[in-house]
Structure formats: structure tokens, C-alpha cells
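Structure assessment
So you can see what is in the structure, the chains are spelled out below.
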Amino acid sequence: MERLGCKKIKDGLLANLKERTQEFINKGNKAPSLAVVLVGDDGASQSYVATKCKMASLLGFVHFDYRFDEDLKEEELLSLIDKLNLDDDVDGILVQLPLPKHIDADKIINRIAKEKDVDGFSPYNLGRLMLGQECFEPCTPKGIMEIFKYYDIPLSGKNVTVIGRSNIVGKPISVMCMQKGVDATVTVCNTKTSDLKAHTLASDIIIVAAGRPGILDSSVVKDGAVVIDVGVNRVADPSSEKGYKVVGDVDYDSFLTTECKVTPVPGGVGLMTVVMLMENTLMAAMRRRG
Ligand code: NAP
């Protein structure tokens, strides 16, 4: 098996981003800035936000942090978004998902100004993605495309199966793989797919974004295929200090004796997502002020 680790890709992209950020600042521009909004005290969300803020600082970006209790009203969050949309010092707005149930996430995302939508989740940016037009691409799918590029994995004419049809991963990555010029043949599966195994066995590349640990193992994948594991799942682990460990959706060990190429978790797609958020933030700053 070949392990498609992403640390080297991340480090290379970060070095390049740092250089371009410095050039942007040297031209007399203020540093790119990201507003990071977190509602509630979900452990995973807190750790994602901490990673994003740390990476922003590392790159010399400014980040404005907004933390709220779980009981924040939807109207209050909408008002904050309105304020950030108008704030000339803010280039990108990131609202960490999931939001508490009483807040309509679609409504919040729709309110973010399209030129500050660095997560690329708004109907405007997703619509442009669908049409093959320039846009802020959602960070995780954008990161997956970088993995293909770095490891020189061809997509043209290949059969790609995507497991999962979320708006943030499954749908956009399927669109990106089928785009003219990329030219993969894409199948997108969901919980009602009648014979998942038939699709995975026929695929050259499988992208798993289901949130189900162990949903894919080597017995349902043809030897030599590429497997991209997007899943991030916390499972109980009494032997660890935290009481849990993070695993993907793929049974990684079952591939060890195969010729497949597989991304690990941790150390895979997750590393790319955060870098792509920074890339989109620099892009937002350049478009607004460059
Ligand atoms: P999601 O909203 O959690 O939805 C899961 C999708 O997988 C749904 O479309 C569901 O089908 C499908 N699915 C679940 N079980 C299935 C099964 N047995 N067979 C076929 N399809 C199945 O998706 P998400 O937000 O994209 O998250 C997926 C995973 O990726 C999670 O573990 C999440 O934490 C992780 N994630 C990681 C990153 C990263 O940076 N690494 C970023 C985002 C998400 P239905 O539509 O029929 O329910």
C-alpha cells in the first residue's frame, strides 16, 4: 500500500502562502484578515477553530474571534454577519458548523457576503462551482484536488465513486471531478444506494465522506485503486488520555497488504482543509484590495 500522507503537501502550500502573503503586505496592504465565529462548546468545533486561528497567525493573517454561548439567538448571529459584511477590515468570514439546532445554518451562510464567503458554502459560490466558473471552492474538496495534483493521480477517464452527498464535501467534490478538463466519470452514493459494493469495486478512485468508521475496507475495492478518506470520527478509546481517538471512514489497516493508495486519518485530508481556508482568505483579500 502507498500511504498518501498530506503533511508534506501542507508544508509546501503553507510556505508558498506565507511568501505570497508577505508580498501582498509589502505592497502596502494590511494583512489578510479572517473573522472566526464559534457558537456553543462542541469539543471538535473548538479544536477546529483553534487550529484555524493558529494557522492564520502563523501566516501573518489577522483573525478576529467571536465566541458565543449555545443560547445565542439567530437574530443576534445575523446581526453580527451583517456587521462583518460591512467591516472593511474583514476579508473572510468563517462560521464554524454545526450550529445549534435553533439556528438555521442555511440562513446564516446565505447572509455572508459572497466576496467574504471563504468556506465557499453559499449558493452563489456553489452555483458558480457547478457552472465551472471562478469561485471560492469549498475547502475540503479543494484540498482533495491538491492531493490528486501532488501525487500525480490522473482523473481523466477514471471511474470515481463518492460515498456521501453533503453540500460541503460529497456534492462539490463530485462536481469538481466531473468538470470539463478534469473529466472523471463520477458516481455519488448515499444511504439508499442499493449495492454500494458494486460501485466501489468498479472504481479507480473512491472518496469516502460518510462519517461512518470502517464503512470501506479492502474487500470491496479493486487492487491498485486510490482511496481518499474524508471521515473524521471520534471513537471511544479508554487507553488514550482524552478517552477517544480520531479515525476515518476507511478501515486503513485492511489495505496494508494491497497495492492501493490510501490517505491516512489523521495526517490526510483534514490537514488540507485548513490550508485551503487560508488560501481562500488570501484570495479574498487580494480580490478586495489587491
Ligand atoms: P454528512 O452531512 O455527515 O452526511 C453523510 C453522507 O454520507 C450522507 O450523504 C449520507 O447519505 C452518506 N452516508 C452515510 N452512511 C452511508 C452509507 N452506509 N452508505 C452510503 N452513504 C452513506 O457529510 P459530511 O458533512 O460531508 O461529513 C462526512 C464525514 O467527513 C464526517 O466524518 C465529517 O466529520 C468529515 N469531514 C471531514 C472534513 C475534513 O476536513 N477532513 C471536512 C468535512 C467533513 P444520506 O444523504 O442518504 O443520509
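Here's a quick rundown of the structure. Note that the coordinates shown come from a computational prediction; the quantities given were computed from them, not determined experimentally.

Some details on the sheet that holds strand β8 (residues 226–229)
Think of a sheet as strands paired side by side through backbone hydrogen bonds, with each pair either parallel or antiparallel. Taken together, six strands build an open sheet; the order of strands is β1-β11-β8-β7-β5-β6 and the sheet is parallel. If you trace the sheet from one side to the other, it starts and ends with β1 (2–3) and β6 (185–189), each paired once. Sheet topology places β8 next to strand β11 (residues 261–262); two bridges connect them, and they run parallel. Paired with V227 across the bridge in β11 is V262.

Observations concerning the sheet that holds strand β3 (residues 62–68)
Taking strand neighbours across the sheet as the criterion, the three strands line up as β3-β2-β4 in an open arrangement whose pairing is parallel. On the outer flanks of this sheet lie β3 and β4 (92–95), each paired with one strand and no other. Taken pair by pair, the neighbouring strands of this sheet meet at an average axis angle of 15°, ignoring direction. Taken together, the four bridges between strand β2 (residues 33–39) and β4 define a ladder with parallel strand orientation.

Thoughts on the side chain of K10
By secondary structure assignment, the location of K10 is in helix α1 (residues 7–26). No salt bridge forms around the buried K10; measuring N to O, its nearest opposite-charge neighbour D11 is 4.5 Å away. Apart from residues no more than four positions distant in its own chain, K10 is found in contact with M55, L271, M272 and V275.

Some points on the packing of α1 against helix α9 (residues 269–289)
At their nearest, the axes of α1 and α9 sit 10 Å apart, and the two run at 20° to each other. When the interaxial angle is binned, α1 and α9 end up roughly parallel. The handedness of the crossing between α1 and α9 comes out as left-handed. Judged by residue contacts, K7, I9, K10, L13, L14, L17, R20, T21 and F24 of α1 engage L271, M272, V275, M276, M278, E279, L282, A285, M286 and R289 from α9.

Considering the pattern of salt bridges
Per the stated rule, a full pass over the model turns up 13 salt bridges. The salt bridge partner of K7 is D11, with a shortest N-O separation of 2.8 Å. Of this pair, K7 and D11 both sit in helix α1, four residues apart, which is roughly one turn of that helix. Accessibility expressed as a relative area gives 52% for K7, which makes it exposed. When its relative accessible area of 33% is taken as the criterion, D11 is described as partly exposed. Between K107 and E74 there is a salt bridge, and its shortest N-O distance comes to 2.8 Å. In this pair, K107 is assigned in helix α4 (residues 105–111) and E74 in helix α3 (residues 74–86), connecting sequence segments 33 residues apart. A relative accessible area of 15% places E74 in the buried class. Taken together, the shared-partner salt bridges connect D88, D91, R288 and R289 into one network.

Some thoughts on the site of the ligand
Taken together, 21 residues sit near the ligand, with R165, S166, N190, T191 and T273 positioned nearest. At 3.5 Å, a backbone N or O of N190 approaches a nitrogen atom of the ligand. In the environment of the ligand, an oxygen atom lies 3.1 Å from a nitrogen or oxygen atom belonging to the backbone of V232. Out of a free accessible area of 920 Å², the ligand has 72% covered by protein chains. No other element matches α9, which puts three residues into the shell around the ligand.

Concerning the environment of D42
By the element assignment, D42 lies in the loop between β2 and α2 (43–58). According to the relative accessible area criterion, D42 is partly exposed, its value standing at 39%. A polar atom in the side chain of D42 sits 2.9 Å from the backbone nitrogen of S45.

Remarks on a nonpolar patch on the surface
A cluster of nonpolar side chains, namely Y48, V232 and V246, defines an oily patch on the protein surface of about 220 Å² accessible area. By secondary structure assignment, the location of V232 is in the loop between β8 and β9 (233–236).

Details of unusual backbone geometry
Residue L97 is joined to P98 through a cis peptide bond whose omega torsion reads 0°. Secondary-structure assignment places P98 in the loop between β4 and α4. Residue V265 is joined to P266 through a cis peptide bond whose omega torsion reads -5°. One non-glycine residue, D152, adopts positive backbone phi at about 55°. Relative to the elements of secondary structure, D152 occurs in the loop between α6 (139–150) and β5 (159–163). Phi at D183 is positive, roughly 70°, even though this residue is not glycine. Among the secondary structure elements, D183 is positioned in the loop between α7 (170–178) and β6. Since its relative accessible area comes to 35%, D183 is described here as partly exposed.

Thresholds applied
- All residue numbers refer to positions counted from 1 along the written sequence of the respective chain.
- The predicted nature of this model means local features are confined to residues of pLDDT at least 70 and side-chain atom pairs, given and counted, to a pLDDT of 80 or more, with totals for whole chains, interfaces and linings taken over all residues.
- Values reported for side chains reflect all heavy atoms of the structure, with hydrogen atoms and water molecules removed beforehand.
- Strands pair, by our definition, only if DSSP identifies at least two bridges between them.
- Helix and strand assignments come from DSSP, with helices taken as H or I runs of at least 4 residues and strands as E runs of at least 2, each series counted from the N terminus.
- Convention adopted: a line fitted to C-alpha atoms gives each axis, helices being fitted over their contacting stretch, and angles between N-to-C directions are expressed from 0 to 180 degrees.
- Relative accessibility under 20% of the residue-type maximum defines a buried residue, over 50% an exposed one, and the middle range a partly exposed one, all with a 1.4 Å probe and only protein chains included.
- The sign given to each residue is positive for Lys and Arg and negative for Asp and Glu; His and the chain ends receive no count.
- Salt bridge, as applied in this entry: a Lys or Arg side-chain nitrogen positioned within 4 Å of an Asp or Glu carboxyl oxygen.
- The contact rule is simple, with two residues in contact once any of their heavy atoms fall within 4.5 Å.
- Note that the term roughly parallel is reserved for angles under 35 degrees, roughly antiparallel for angles over 145, roughly perpendicular for angles of 65 to 115, and oblique for everything else.
- Note on convention: the crossing is left-handed when the near helix lies turned anticlockwise from the far helix by less than a right angle, right-handed when the turn is clockwise.
- Nearness here has a simple test: a residue counts as near a molecule or strand if at least one of its heavy atoms is within 4 Å of that partner.
- The term polar contact refers here to a pair of N or O atoms within 3.5 Å; inside protein, the definition further demands a hydrogen-donor-capable atom paired with an acceptor-capable atom, and it admits residues adjacent in sequence only when both atoms are side-chain atoms.
- In this description, accessible areas are obtained by the Shrake-Rupley approach with a 1.4 Å probe, and a residue is regarded as covered only by the protein chains that are shown.
- Patches draw on residues past 30% relative accessible area with no salt bridge. Two like charges within 9 Å are joined, as are two nonpolar side chains (Val, Leu, Ile, Met, Phe, Trp, Tyr) within 5 Å.

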